[in-house]
Amino acid sequence: EFLESHNWDAVRERCHELVVDARNRIAALYDLPQICPETTGDYEWFRQLATIPVPSDTDPVELKNRLYDEFRIEIPVTIVDGNPMLRISIQGYNSQSDVDALVSAVQQVIPPRG
């Protein structure tokens, strides 16, 4: 009864849509390819968590620290095959404004080139 009263399927779908939005907007800032295909329907690749590439010359420690210190955004920054990546996780309490704040902060910390 508790699970049905909260409509968790709809919550998961909304979270997925927010992850896709963040992933696509950040990748577009730097014209970087995604590390996996966009998922629909069966969520084969990702659902509420995704890894997003950022420019390879980005200092991952500085990115993580500045996102937290300047914007109070706590997000893991990892290295995959020598390239820095953001690891975004969206939960039911996150909103579109959270995604907008993340995209804006990333853009300020790593200004798009070109």
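Residues numbered from 1 in each chain as written. Predicted model: local features only at pLDDT ≥ 70, side-chain atom pairs only at ≥ 80, totals over all residues. Heavy atoms only, no water.

Caption draft 1: How the structure looks around the overall build of the protein chain. Counting its secondary structure elements, the protein chain contains four helices and three strands. Its helices and strands taken in sequence order, the protein chain reads α-α-β-α-β-β-α from the N to the C terminus. Considering only contacts in the protein chain between residues 6 or more positions apart, those separated by 24 or more positions represent 68%. By element, 50% of the accessible surface of the protein chain is carried by carbon and sulfur atoms, the whole surface being about 6800 Å². (Helix = DSSP H or I, 4+ residues; strand = E, 2+ residues; numbered from the N terminus. Contact = heavy atoms within 4.5 Å. Areas by Shrake-Rupley, 256 points an atom, 1.4 Å probe, with all protein chains shown as cover.)

Caption draft 2: Broad picture of the pattern of salt bridges. Per the counting criterion, the structure on display carries five salt bridges. Salt-bridge contacts for Asp100 lead to Arg25; the nearest nitrogen and oxygen are separated by 2.7 Å. Taken together, the residues span a long stretch of sequence, with Asp100 in helix H4 (residues 96-109) and Arg25 in helix H2 (residues 8-30) at a distance of 75 residues. Arg25 sits in the partly exposed class, given a relative accessible area of 28%. Here Arg66 makes a salt bridge to Glu62, at a shortest N to O gap of 3.8 Å. (Salt bridge = Lys/Arg side-chain N within 4 Å of Asp/Glu carboxyl O. Buried < 20%, exposed > 50% of the residue type's maximum accessible area, 1.4 Å probe, protein only.)

Caption draft 3: Summary view of the packing of helix H3 (residues 60-71) against H4. Axis separation between H3 and H4 bottoms out at 10 Å; the angle between their running directions is 120 degrees. Of the possible angle classes, the one that applies to H3 and H4 is oblique. Crossing handedness for the pair H3 and H4: right-handed. For the pair formed by H3 and H4, the contact residues are Leu63, Arg66, Leu67 and Phe71 on the first element and Ala105, Val106, Gln108 and Val109 on the second. Looking at side-chain class alone, the contact of H3 with H4 contains six nonpolar, one polar and one charged residues. (Axes fitted to C-alpha atoms, helices over the stretch in contact; angles between N-to-C directions. Parallel < 35°, antiparallel > 145°, perpendicular 65-115°, else oblique. Left-handed = near helix turned anticlockwise from the far one by under 90°. Nonpolar A, V, L, I, M, F, W, Y, C, P; charged D, E, K, R; others polar.)

By themselves, these are just geometric observations and shouldn't be taken as functional.
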